[in-house]
Amino acid sequence: MARHAQTLIVGTIAVTALCAVSASDVRAQDGSVVLNEQMLFGDVFAGQRLNVVEANQQVTVSNTALGNQINGGAEGRDITLRNTQSSHGAIAAQTNINTGYEVSGRVTAVTQARSNEASAAANNAALELDSRQYTYGSTVSQTVLENPDARLTGGIQATSASYSNNVLAGGTNTFVSGTIQQRATGDTRAGTYVPAHYIPGNAHIAADAASNTAQLSSNGSSGQRVEVRQLAEGWTAAETASSAGNTWVSTTVSTAAANRITANNAGGSQVITTDQTNTGGVSSRATTHAYDFGDLRAMADGAGNQAYVGNQDIWVEIDNTQMNSGGVAVEVELTGYNGYDAYTGANAVGNSVTGFACSDCGGIMNARNNQTNTGNVSATATTNIVGQGRAVITGTTATGNSANFYVSRPGG
C-alpha cells in the first residue's frame, strides 16, 4: 500500500479562458486548442474507514484516488486537445467497512484508483485528439468488509476499479479524430473482499483492472477516425472474494485486461487503427463460498489485449495489430453446501478483437487483423457442491487469439 507523501505536480495548460494544473475543466471557444502537460512525482493516497455500529438505512461510500486528470468540453465549437500526462508515483485507494451485527439498508461501496485520465466531449462540433499518457508507478484499489459476522439484510454492492491510463472521448453530432498513445510500466491491481454471515438481499461483488484503456463513444450524426497505441509492461490483476453463511442471490465478478479499447459510434463512418502490445502478466480470480444459497455465481475474465469496435451505421474500417507475450491466468472457485443454482465461468484470451456494422443500414466492413500470442493462457474453474443443489452450470474458455467481425442489426 502506498505511503502518505508530499505530491508534486508540475504542468501547464494553455487555453483561451482557463489555466489550471492538476485537475482541469475546460470549456472551449471557437476553434480552441487545449495544451495540457501534467507530471506527477509523489504518491497519491485516498483512504476511507467506516465504523458503523447500527444502520437502519443505506450505507454508501465513494473513494477515489486520482493522479493527473483533465476534463474538456465543447458545445457547437470545434476543439483540439493536445495532452501529455506522466505519473511516477503510486496511486492507491483503500476502503474499509466495519459494520455492526446488522445493517438493514443496502451497503454500497465504490473504490477507484486512476493514475492518468483525460476526458473530452464535443457536441455539434469536431473533436481532435493528440493524447499521450505514461504511468511508471503502481495503481491500486481495494475494498474490504471487515466483519464476517455481519447481517446485510439490505444487500451489498461493492466494487473496486484500477486504471493506470484512461481516455474517454466522444459526444453527439461530432467527428472524433486523432491519436491516443498509452504506456504503463507499473502494476495495476484491484481487489474486493466481502465476508458476511447473512445476505438476504442481492449481493454484487466486483473488481476491474486495466493498465491502458481507451473509450470512444459518439452518437447522432457522428464519425470516428482514431489511432490508438497501447503498451503494457507491468502486472495487471483483479481479484474478488466473497463468503456467507446464508446468501440468497450473490454474484462475484473479476475482470482484468492489460490493454482495452472500446469504440462505439452511430450515424457516420468509423475508421479505427489499433496497436496493442502486452509484455506483463494478467491475472483474474473470483472465489465465493456459501453454506446456504439461492443463486450463487462466480465469474472471471482476463485478456492481454482487447479491442471492440462497433458502428450502428454503414462503414466500418478496422486495422488491428495485437501482440501478447505476457501470461494470462483466470481462476474461478465456487463452494456451496446446500442450495439451489450455482454458476461458474472462466474466460481467458491472449488477443481479442470484435468488430461489427449495422446490417439494416447496408453496412460494409473492411478489416485487417494481425495477432501474435506467445504467452501462456489458462482458464480454470472449480465448483464444489458439498451437500445438495438444484442446478450446476459451469464453463471455461482459453483462447490464444480471437477475432470476430460481423454485420448485424442494431441491438442484434
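Heads up: the structure comes first, above all this text.
All values reported here derive from a predicted model rather than from experimental measurement.

A. View of the overall build of the protein chain. A tally of helices and strands in the protein chain yields 0 helices and 24 strands. For the protein chain, with 412 residues in total, the buried portion stands at 52%. In the protein chain, once contacts between residues fewer than 6 apart in sequence are set aside, the share between residues at least 24 apart is 84%. By element, 47% of the accessible surface of the protein chain is carried by carbon and sulfur atoms, the whole surface being about 16100 Å².

B. The nonpolar core, seen in detail. One finds Leu-127, Leu-129, Ile-180, Leu-216 and Val-226 to be the most contacted residues of the largest nonpolar core, which totals 29 residues. If we ignore the near neighbours within four places in the chain, the residues touching Leu-216 are Ala-169, Ile-180, Gln-224, Val-226, Thr-262, Ala-263, Asn-264 and Ile-272. Residues Ala-290, Leu-296, Val-328 and Ala-342 belong to the second largest nonpolar core, which totals 22 residues.

C. Region of the structure containing the pattern of salt bridges. A full pass over the atoms with the stated rule returns 14 salt bridges. Here Asp-187 and Arg-189 are joined by a salt bridge, their closest N and O atoms 3.6 Å apart. Asp-319 is the salt-bridge partner of Arg-368, the closest N and O atoms lying 2.7 Å from each other. Taken together, the residues Arg-368 in strand 22 (residues 364-373) and Asp-319 in strand 20 (residues 315-324) connect sequence positions 49 residues apart.

D. Local environment of the environment of Val-349. Tracing the backbone shows Val-349 in strand 21 (residues 328-358). For Val-349, a relative accessible area of 12% translates into the label buried. Measuring from C-alpha to C-alpha, the distance between Val-349 and Val-330 comes to 9.3 Å, with 19 residues separating the pair along the chain. In contact with Val-349, not counting residues within four places along its chain, are Gly-302, Ala-303, Gly-304, Val-328, Val-377, Thr-399, Gly-400 and Ser-402.

E. Structural detail: the pairing of strand 7 (residues 91-99). In terms of burial, strand 7 is largely enclosed, as 8 of its 9 residues are buried. Bridge count between strand 4 (residues 44-52) and strand 7: 9 bridges; the pairing is parallel. Each bridged residue has a counterpart across the sheet, and for Phe-45 the counterpart in strand 7 is Ala-92.

F. The arrangement of empty space enclosed by the protein in detail. One pass over the structure, following the stated rule, counts 2 cavities of 30 Å³ or more. Empty space within the largest cavity amounts to approximately 60 Å³. What lines the largest cavity is a set of 13 residues, among which Ile-199, Ser-242, Ser-243, Ala-244 and Ser-250 lie closest to the centre. Secondary-structure elements contributing two or more residues to the lining of the largest cavity are strand 15 (188-219), strand 17 (236-265) and strand 19 (282-311). Residue contributions to the lining of the largest cavity peak at 5 residues, all from strand 17. Considered class by class, the residues forming the lining of the largest cavity number 7 nonpolar, 6 polar and no charged.

G. Here's a closer look at the packing of aromatic side chains. Summed over the entire model, instances satisfying the criterion amount to 3 aromatic pairs. Centre to centre, the rings of Tyr-291 and Tyr-337 are 5.1 Å apart; their planes meet at 20 degrees, and the pair counts as stacked. Of this pair, Tyr-291 sits in strand 19 while Tyr-337 sits in strand 21; the two residues are 46 residues apart in sequence, bridging distant segments of the chain. Tyr-337 sits in the partly exposed class, given a relative accessible area of 35%. Taking 5.8 Å as the distance between ring centres and 15 degrees as the angle between the ring planes, the aromatic pair formed by Phe-356 and Tyr-406 counts as stacked. One end of the pair, Phe-356, is in strand 21; the other, Tyr-406, is in strand 24 (residues 391-408), with 50 residues separating them in the sequence. Here the aromatic cluster, defined as three or more aromatic residues joined through ring pairs, consists of Tyr-308, Phe-356 and Tyr-406.

H. The arrangement of the pairing of strand 11 (residues 139-145) in detail. The buried count for strand 11 comes to 5 of 7 residues, which makes it a mostly enclosed element. Pairing of strand 7 with strand 11 involves 7 bridges; the strand directions are parallel. Each bridged residue has a counterpart across the sheet, and for Ile-97 the counterpart in strand 11 is Leu-145. In the sheet, strand 11 pairs with strand 15 via 6 bridges, with the strands oriented parallel. In the sheet register, Thr-143 faces strand 15, and the bridge partner there is Thr-192.

Scoring rules and cut-offs
- Residues numbered from 1 in each chain as written.
- Predicted model: local features only at pLDDT ≥ 70, side-chain atom pairs only at ≥ 80, totals over all residues.
- Heavy atoms only, no water.
- Helix = DSSP H or I, 4+ residues; strand = E, 2+ residues; numbered from the N terminus.
- Buried < 20%, exposed > 50% of the residue type's maximum accessible area, 1.4 Å probe, protein only.
- Contact = heavy atoms within 4.5 Å.
- Areas by Shrake-Rupley, 256 points an atom, 1.4 Å probe, with all protein chains shown as cover.
- Core = buried A, V, L, I, M, F, W, Y, C linked by side-chain atoms within 4.5 Å.
- Salt bridge = Lys/Arg side-chain N within 4 Å of Asp/Glu carboxyl O.
- Pairing = 2+ DSSP bridges.
- 1 Å grid on protein atoms, 1.4 Å probe; cavity = no way out; pocket = protein on both sides within 12 Å on 5 of 7 lines; lining within 4 Å.
- Points joined across faces, edges and corners; volume = space filled by probe spheres on them.
- Nonpolar A, V, L, I, M, F, W, Y, C, P; charged D, E, K, R; others polar.
- Phe/Tyr/Trp six-rings, centres within 6.5 Å; stacked < 30°, edge-to-face > 60°.

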